Amino acid sequence: MEGLAQVATALPARSLALSASAEELSWIATLCDPGDDARRHLQQLQVLMQQGGILNDEQEWYPFEVIERGAGHLHPGHEREFVICVLLWLQALAQDRISSLDPRLHLDDRAMDIEALPDALRDVVLDAFTAAGY
C-alpha cells in the first residue's frame, strides 16, 4: 500500500513539473549561461518534457546542470521555475543521478524559500520530498 501512496503523491508533482511553459523553460535554461549553453539547455529541457521528466543517459550536463542550479536557489518572481527545478531534480535523484546538492541538507538549507512559496507550490514541494524519502 505504501507504494501506491507514493505514486499518488508523485502524480501532482510530475504534473506540475511537466506543465512548465515555454517562458519558464527559457528562464530556467539561462541559469548557467545566457549564450550558446542556454540554447542547448532549452532544447534539452524541451526534450525532457517530451520524455515525461525522465532524464536519459545523454542528458548528464544538458539540462541537468540548470535543473540542479534552479533547484538550488529561489529567485523572487520565479517561484514556479524553482518548484519545477526541484521536482525535476528529485526525479533525477530517484534515477540515481549524482548531484552536488545533498537532498536532506538542501531541504533544510532551502526551508525559508520553501516556506515563502504560495501554499499550493509549498505543499507540492514538501510532498515530493516526503515521497522521495527525505
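Please read these numbers as outputs of a predicted model, since none were measured by experiment. Sequence positions are assigned chain by chain, starting from 1 and proceeding in written order. Where totals are concerned, whole chains, interfaces and linings use all residues; where local detail is concerned, this predicted model gives features only for residues with pLDDT of at least 70, and gives and counts side-chain atom pairs only at 80 or more. Only hydrogens and water are set aside when side-chain values are computed; all heavy atoms of the structure are taken into account.

Trainee: Any chance you could break down the packing of aromatic side chains for me, citing the residues and the numbers?
Mentor: Each Phe, Tyr or Trp ring (for Trp, its six-membered ring) is paired with any other whose centre lies within 6.5 Å, and the angle between the two planes then decides the class: stacked below 30 degrees, edge-to-face above 60, tilted in between. Scanning the entire structure with this criterion turns up 2 aromatic pairs. On the numbers, 6.4 Å between centres and 70° between planes, the contact of Phe 129 with Tyr 134 is edge-to-face. Relative accessible area decides the class of each residue, using a 1.4 Å probe on protein chains only: under 20% of the type maximum gives buried, over 50% gives exposed, and in between gives partly exposed. Overall, the relative accessible area of 1% leaves Phe 129 in the buried class. Clustering of aromatic rings is evident, with ring pairs tying together Trp 89, Phe 129 and Tyr 134. When the ring centre of Phe 64 is taken as reference, the NZ or CZ atom of Arg 97 above it lies at 5.6 Å. Working rule: Lys NZ or Arg CZ, within 6 Å of ring centre, within 35 degrees of ring normal, means a charge sits over the ring.

Trainee: With reference to specific residues and values, describe the pattern of salt bridges.
Mentor: For salt bridges, the criterion is a side-chain nitrogen of Lys or Arg within 4 Å of an Asp or Glu carboxyl oxygen. For the structure shown, the criterion picks out 5 salt bridges. With a shortest N-O distance of 3.4 Å, Arg 97 and Glu 60 are connected by a salt bridge. Here Glu 60 lies in the loop between helix H3 (36–50) and helix H4 (64–71) and Arg 97 lies in the loop between helix H5 (79–94) and helix H6 (103–109), a separation of 37 residues in the sequence. Residue Arg 97 is classed as buried on the basis of its relative accessible area, which comes to 11%. Residue Asp 113 is joined to Arg 110 by a salt bridge in which the shortest nitrogen-to-oxygen separation is 2.7 Å. With respect to class, Asp 113 is no different from Arg 110; both count as buried. Where salt bridges share partners, they join Asp 119, Arg 122 and Asp 123 into one cluster. Helix and strand assignments follow DSSP, with helices taken as H or I runs no shorter than four residues and strands as E runs no shorter than two, numbered in order from the N terminus.

Trainee: A description of the packing of H3 against H4 should follow, citing residues and the corresponding values.
Mentor: Interaxial angle, 0 to 180 degrees, is taken between N-to-C directions of lines fitted to C-alpha atoms, where a helix line uses only the stretch in contact. Direction vectors running N to C along H3 and H4 enclose 85°, while the axes themselves pass 9 Å from each other. When the axis of H3 is compared with that of H4, the two are roughly perpendicular. Contact residues: H3 offers His 41, Leu 45 and Leu 48, while H4 offers Glu 65, Val 66 and Ile 67. Residues that form the contact of H3 with H4 fall into these classes: 4 nonpolar, 1 polar and 1 charged. Angles below 35 degrees are treated as roughly parallel, those above 145 as roughly antiparallel, those between 65 and 115 as roughly perpendicular, and all remaining angles as oblique. Between two residues, a contact is recorded if the distance between any of their heavy atoms is within 4.5 Å. The nonpolar class holds Ala, Val, Leu, Ile, Met, Phe, Trp, Tyr, Cys and Pro. Asp, Glu, Lys and Arg form the charged class, and all remaining residues, Gly among them, are polar.

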